[in-house]
Amino acid sequence: MKFKLVFLLAALVAFGLVGTAPSMGQDLIKIGLINADPNESGYRKANVESMTSALSKENGFDVSVAYSERKVENQIAAAQQFINEGVKYLVISPEVSTGWDSVAQSAKEAGVKVIAFDRVIEMPDDVLVASTVSDMRAEGDKAVKWLEDKKLPAYNIIHIQGQMGTDAQVKRSAALTEAAKDKGWNLVAQQTASWSEEDAKQVVQAVIDAKKEFNVIYAENDNMAAGAVAALDANGITHGKTGDVVIIGFDANQWALKEVLAGNWNLDVECNPLHGPLVAQIIKDLEAGKKVDKVRYIEEQAFDTDTITQAVVDGRTYGFEN
Amino acid sequence: MKNLMKNLMKNPLFVPVICLGLVLLFNLLTNAGFFEISIKRNNVGNWILAGNLISVFNNASELVILAIGMTLITSASGGQDISVGACVAIAGGVILKTLASKSGVPVVAAVSLGCLVAMAFGAFNGILVSIFNIQPMVATLILFTAGRPISSWITGGLSPRITNSVLDAVGNVIPGVPVPTPIFIAAFCVGFIFLTLRFTNLGLYAQAVGISDKAARLVGLSPRLVKFIQFVVMGLCVGLVAFIKVSRVGSIQYNYIAKDIEMDAILAVALGGNSLSGGRFSMTGSIIGAYTIQAITTTLLANSVPSDALSAYKAVVIIILVVIQSPVVKDFWRRRGKTDPGDSSLNPTKNGLPPHPQGAGPKANAGPNAGPNPASGSAASLSASLSASPAANLGPGPLPSLAPALGAGPVGT
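Parameters at a glance
- Residue indices begin from 1 for each chain and proceed along its sequence in written order.
- As a convention, the first chain written is A and the first ligand written is 1, with the rest following in written order.
- Predicted model: local features are reported for residues with pLDDT of at least 70 only, side-chain atom pairs are reported and counted for 80 or more only, and whole-chain, interface and lining totals are derived from all residues.
- The basis for every side-chain value is the complete set of heavy atoms in the structure, and neither hydrogens nor water enter the calculation.
- Here a Phe, Tyr or Trp ring, Trp counted by its six-membered ring, pairs with any other such ring whose centre lies within 6.5 Å, and the pair is stacked when the planes are under 30 degrees apart, edge-to-face when over 60, and tilted otherwise.
- Put simply, DSSP marks the helices as runs of H or I at least four residues long and the strands as runs of E at least two long, and each gets a number from the N terminus on.
- Using a 1.4 Å probe on the protein chains alone, a residue whose accessible area is under 20% of its type maximum counts as buried, one over 50% counts as exposed, and one in between counts as partly exposed.
- Method remark: on a 1 Å grid restricted to protein atoms, a set of points is classed as a cavity if a 1.4 Å probe fits but cannot get out and as a pocket if it is open with protein on both sides within 12 Å along at least five of seven lines; lining residues have an atom within 4 Å of a point.
- Grid points are joined across faces, edges and corners, and a volume is the space filled by probe spheres set on the points.
- In this description, contact between two residues means that some pair of their heavy atoms is separated by no more than 4.5 Å.
- Buried area: the sum, over both parts, of the accessible surface (1.4 Å probe) that disappears when the two are put together.
- By convention in these notes, a salt bridge is any Lys or Arg side-chain nitrogen within 4 Å of a carboxyl oxygen on Asp or Glu.
- Here a polar contact is taken to be a pair of N or O atoms separated by no more than 3.5 Å, where protein atoms must pair a possible hydrogen donor with a possible acceptor and residues adjacent in sequence count only if both atoms sit in side chains.
- When residue character is reported, Ala, Val, Leu, Ile, Met, Phe, Trp, Tyr, Cys and Pro are called nonpolar, Asp, Glu, Lys and Arg charged, and the others, Gly included, polar.
- Pairing between strands requires that DSSP locate at least two bridges from one strand to the other.
- Here, axes are lines fitted to C-alpha atoms. For helices the fit covers the stretch in contact, and angles between N-to-C directions go from 0 to 180 degrees.
- The handedness rule is simple: strands pointing away from the viewer, and a clockwise path from the first strand over the helix to the second, make the crossover right-handed.
- Helices are assigned an expected span. That span is 1.5 Å times one less than the residue count.

## Side note on the packing of aromatic side chains
Centre-to-centre distance and the angle between the planes together describe a pair of aromatic rings. Residue and element names in this part refer to chain A. Considering all chains together, one arrives at 7 aromatic pairs over all chains under this definition. Seen in terms of ring centroids, Y155 and W185 are 4.5 Å apart; in terms of plane orientation they differ by 20°. Their pairing is stacked. Taken together, the residues span a long stretch of sequence, with Y155 in the loop between α5 (136-149) and β6 (156-161) and W185 in the loop between α6 (167-183) and β7 (186-192) at a distance of 30 residues. Judged by relative accessible area, which is 12%, Y155 ranks as buried. On the basis of relative accessible area, W185 is assigned to the buried category, the value being 10%. Between W255 and W265 the ring centres are 6.1 Å apart and the planes differ by 85°, which places this aromatic pair in the edge-to-face class.

## Thoughts on the layout of surface pockets
A volume near 1,200 Å³ is recorded for the second largest pocket. Those elements giving two or more residues to the lining of the second largest pocket turn out to be α7 (197-209) of chain A together with β2 (47-50), α3 (52-77), α11 (223-249), α12 (261-271), α13 (283-302) and α14 (310-325) of chain B.

## With respect to the interface of chain A and chain B
On the chain B side, the residues contacting the 42 residues of chain A number 41 residues. For the pairing of chain A and chain B, the buried interface totals around 3,200 Å² over both sides, and the portion due to carbon and sulfur atoms is 44%. The three residues of chain A that bury the most area against chain B are Q191(A), E198(A) and Q202(A), which together make up 18% of that side's buried surface. Applying the counting criterion to the chain A and chain B interface returns 3 salt bridges. A salt bridge links R161(B) to E197(A); the nearest nitrogen and oxygen atoms lie 2.6 Å apart. Seen at the junction of chain A and chain B, the total is 19 residue pairs in polar contact (both at pLDDT 80 or more). Residue assignment for the side of chain A that touches chain B shows that the elements contributing at least two residues are α2 (42-54), β7, α7 and α8 (222-234) of chain A. Per-element tally for the side of chain A that touches chain B: the top contributor is α7(A), with 9 residues. Looking at side-chain class alone, the side of chain A that touches chain B contains 12 nonpolar, 19 polar and 11 charged residues.

## Looking at the sheet that holds β6(A)
Residue and element names in this part refer to chain A. Overall, mixed pairing links the 6 strands, which are arranged β7-β6-β8-β9-β10-β12 in an open sheet. Of all the strands in the sheet, just β7 and β12 (302-304) have a single pairing partner and so form its edges. Neighbour-to-neighbour, the strand axes of the sheet open up by a mean angle of 15°, direction not taken into account. In this sheet, β12 lies alongside strand β10 (residues 267-270) in antiparallel orientation, the contact comprising 3 bridges. By the bridge assignment for β12, D268 is matched with F303.

## A look at the pairing of strand β9 (residues 246-251) of chain A
All names here are of chain A. Among the 6 residues that make up β9, 6 are buried, leaving the element largely enclosed by the rest of the structure. With 3 bridges joining them, strand β8 (residues 216-219) and β9 adopt parallel strand pairing. The residue bridging V216 from the neighbouring strand is V246, located in β9. Taken together, β8, α8 and β9 form a β-α-β motif whose crossover is right-handed. Handedness of the crossover joining β9 and β10 through helix α9 (residues 254-261) is recorded here as right-handed.

## Digging into the environment of F14(B)
Mapped onto the fold, F14(B) is located in helix α2 (residues 14-30). The contact partners of F14(B), leaving out residues within four places of it in the chain, are L8(B) and M9(B).

## Details of α7(A)
Residue and element names in this part refer to chain A. Look at α7: 18 Å from first C-alpha to last across 13 residues, which is about the 18 Å you get at 1.5 Å a residue. By the criterion of burial, α7 is predominantly enclosed, with 12 of the 13 residues buried. Buried residues of α7: E197, E198, A200, K201, Q202, V203, V204, Q205, A206, V207, I208 and D209, and no others. At the N-terminal end of α7, a side-chain oxygen is found 3.4 Å from the backbone nitrogen of E198, two or three residues along, and the residue is S196. Within two residues after α7, K211 carries a phi angle of roughly 60°, on the positive side.

## A short note on the environment of L147(A)
Residue and element names in this part refer to chain A. Turning to its location among the elements, L147 is positioned in helix α5. Separated by 99 residues in sequence, L147 and V246 place their C-alpha atoms 9.0 Å apart. Apart from the residues within four sequence positions on either side, L147 is in contact with L152, Y155, I157, W185, V216, V246 and I248.

## Considerations on unusual backbone geometry
Residues and elements named next belong to chain A. Its identity as a non-glycine residue notwithstanding, S194 has a phi of 50°, on the positive side. Here S194 shows up in the loop between β7 and α7. Look at K211: it is not a glycine, yet its phi comes out positive at around 60°. As for its position among the elements, K211 is in the loop between α7 and β8. Its relative accessible area of 52% is what places K211 among the exposed residues.

So, in structure tokens, the structure goes:
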């Protein structure tokens, strides 16, 4: 009973604070932010921090946050709740892209606008006003273009794929397989290592054991590139800027960029998790009555041993070692 | 000759060995290069052996160690621990965090801490199973779900990368010794568990409890304590596996480290000819099973099976191996071999008592193992069951001396 009273009191105080805040300045824009699990990866952690810092009170937003705990049902329940609470925008990074029909319906009835970030979501155009995503295909194309410009005497490539069927895997794989077909590159091996460092080490070890010739490793994330390099090191094969094997990774974690800076890897293509500022800008534009693009690709770079600098490594906000 | 065949067929290890043999035979026929072993220098200048066979032994190390723990848990509790992969993530997180946080922490200390934490989580599982009597798969489901988030919480969601000469020696090779170190660690664990089974009653008690809780209690064993101990032993196995995993690449990914390894460990136990409902077990069988699974994985990699079909191929191979192991097929071959008529009634019973191993005389054939209901709860039947059929894996040592003790009165655990 006592506990209940304390709780009630605390709730009243909290409400009081929230209630008085908007009257102090301009009206805050009410937003429901639904993200994936912050513990999912270093990438997600950086994304969560970017979203919450960009959609802050100081920037004019009144944001309620919910996390998926890896279940899309939790996200859908949170979305319904936020709509009932009268948010103006729903900002969602869905666990799965489909199954959002009921949310779309409620949002439409309540006049709530939906913005998807980082991952695509299937909703009718009148509800889903904008999406900000990484262009995974463009990432793959950047790596392929760089590889072509390198003008290697031969292209014998080990292709280490991510978890099969994921957006990143499908598009990064497509970029390489199509290029290999066009340009006559030889894919010595094409195997999934399910984003895992140790699996990638096993895949490369198997290629080495089979005594197949190769001079490029195209690993679809940084961890798999690290696993592949571990296998090369164990077998006395040199790699990187001055070595025999060209190493390409994706995501551009800070620790991975250090490898590029040290010349152990050749190229790392960024997969930018910092969607916060972009989403904030889209909402401000919508509020100002401007037209916004349906799909906004987030800006992403690629760093090779020539373009990387200590400043780039220091400027990373994600993928820290410790 | 016929006798030899008959004895071979009766040996519980016959089929697991055949399974491993089939996988190797496939490689011999399709790709003899599979067996080539070469020696080279790695990038730090140490000699190292390389080749598919080395890769099989090297990469199977973790699975072998986990199969040991899984066999004991299966035997004593009649269930499986599905949280081992997640617990490896936890222990790996602890080891990594300890090594990364303060420079100068010796690896031994970090690994000991990791093992202790893993044993504590093992004890947690053990308490749920032994004291609260929750089915092992349900009890371990908790850590199966929560383990990886706990690991992420321990490392703060970061992925520290450690370069350390000790880790490098453990994950790759010790300078001057060309054989990958994980192979030695697995061999050490295997040797250790065989000595333990030979000279202590760990295995005997596990089987007694697994065959019948009630009967074990009547002869003075504490089923709770026995089951609990197996989970703590599994914790130690998990800690060692985490150490190897961390050493291999100098880091862990809490989401992917040892992913689905619990299923492979359970499969290793099953491929070893053990019943998953507990009771009698063959440790050698489980270990052969573990190497078989890695041999399959390496074979598929060596044959560049397309990624999207990898799991399907693996499933097909495993179906074949499991069917070879099934009582129906075994029985068929036994009848074809025209063994003595009594054998046809010797299908493995509910408790997975395998058909009698070699060395078990006619007395064993007449023993209570053939009976359909060992759970009848009689201490006499249990002690008779244990004494009548000395299994190869238990060794003759403790059994004859213990049987009278079991029959006579309480034995401390």
